[in-house]
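Observations on chain architecture
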Amino acid sequence: MYKKQFEIRWSDVDANAHLANSAYTNFMSHARMSFFDDHGFSMTEITEQNLGPVVFYEHMYYFKESFLGTPITVTIEVDGLSEDGMFFQFSHNFYNDKGIHLAHCEMLGAWIDLKERRLTALPAALLDKAHQFPKSEIYKTLTKDDTRKYGKKPQNLSL
């Protein structure tokens, strides 16, 4: 399990004086980029490969409040990767300094080619590194069907 610690800042709280929804998203994003960096996917490396991570969804479940000045820990577990490395699925958990479970998030993401602006498989060197990620107990090999399991499709407005 990967862990990243943060302190809740003034800019992270909302009108209810607790950690704002957007702050959870920002902390997860920062933790993911630290995870990638620590596993050989530095910004320099992915930029050289014309790659960028994208998020398809983040499903949040909130259990307890978090407040200004409180240290929190955000964890990452890798729940799935596709064979070509294009898709990845992570679980995030939030804990306070006493180990109390504050929130849980399931997220699904992918890699895009930044020039072509389309989903892409990982190049061989990064794919080897991705297959070395520590895996959760529920890890599975992802398929394209896993990205469609909620059946959501775009519905454009008629203008």
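Calculation criteria
- All chains use their own residue numbering, which begins from 1 and follows the written sequence.
- At least 70 in pLDDT is required for a residue's local features to be given in this predicted model, at least 80 for side-chain atom pairs to be given and counted, and no such filter applies to totals for whole chains, interfaces and linings, which use all residues.
- Neither water nor hydrogens contribute to the side-chain values; these are computed over all heavy atoms in the structure.
- Secondary structure elements are taken from DSSP: a helix is a run of H or I of four residues or more, a strand is a run of E of two residues or more, and numbering for both begins at the N terminus.
- Relative accessibility thresholds used throughout: buried, under 20% of the residue-type maximum; exposed, over 50%; partly exposed, between the two (1.4 Å probe, protein chains only).
- The salt bridge definition used is simple: a Lys or Arg side-chain nitrogen within 4 Å of an Asp or Glu carboxyl oxygen.

**With respect to unusual backbone geometry**
- In this model, Asn50 sits at a positive phi of 60 degrees, which is unusual for a non-glycine residue.
- Along the polypeptide, Asn50 turns up in the loop between helix H2 (43-48) and strand E2 (51-62).
- For Asn50, a relative accessible area of 24% puts it in the partly exposed group.
- With a phi close to 60 degrees, Arg117 is a non-glycine residue in the positive phi region.
- As for its placement among the helices and strands, Arg117 is situated in the loop between strand E5 (101-113) and strand E6 (118-119).
- Relative accessible area serves as the criterion here: at 57%, Arg117 is assigned to the exposed category.

**With respect to the pattern of salt bridges**
- Inspection of the entire model under this criterion finds 3 salt bridges.
- For Glu58, the salt bridge identified is with Arg32, shortest N-O distance 3.0 Å. You can see Glu58 sitting in strand E2 and its partner Arg32 sitting in helix H1 (residues 21-38), a full 26 residues away along the chain.
- You can call Glu58 partly exposed: its relative accessible area is 24%.
- The salt bridge partner of Asp146 is Lys140, with a shortest N-O separation of 2.7 Å.
- The exposure class assigned to Asp146 is buried, which follows from its relative accessible area of 13%.

By themselves, these observations are geometric and do not establish any function.
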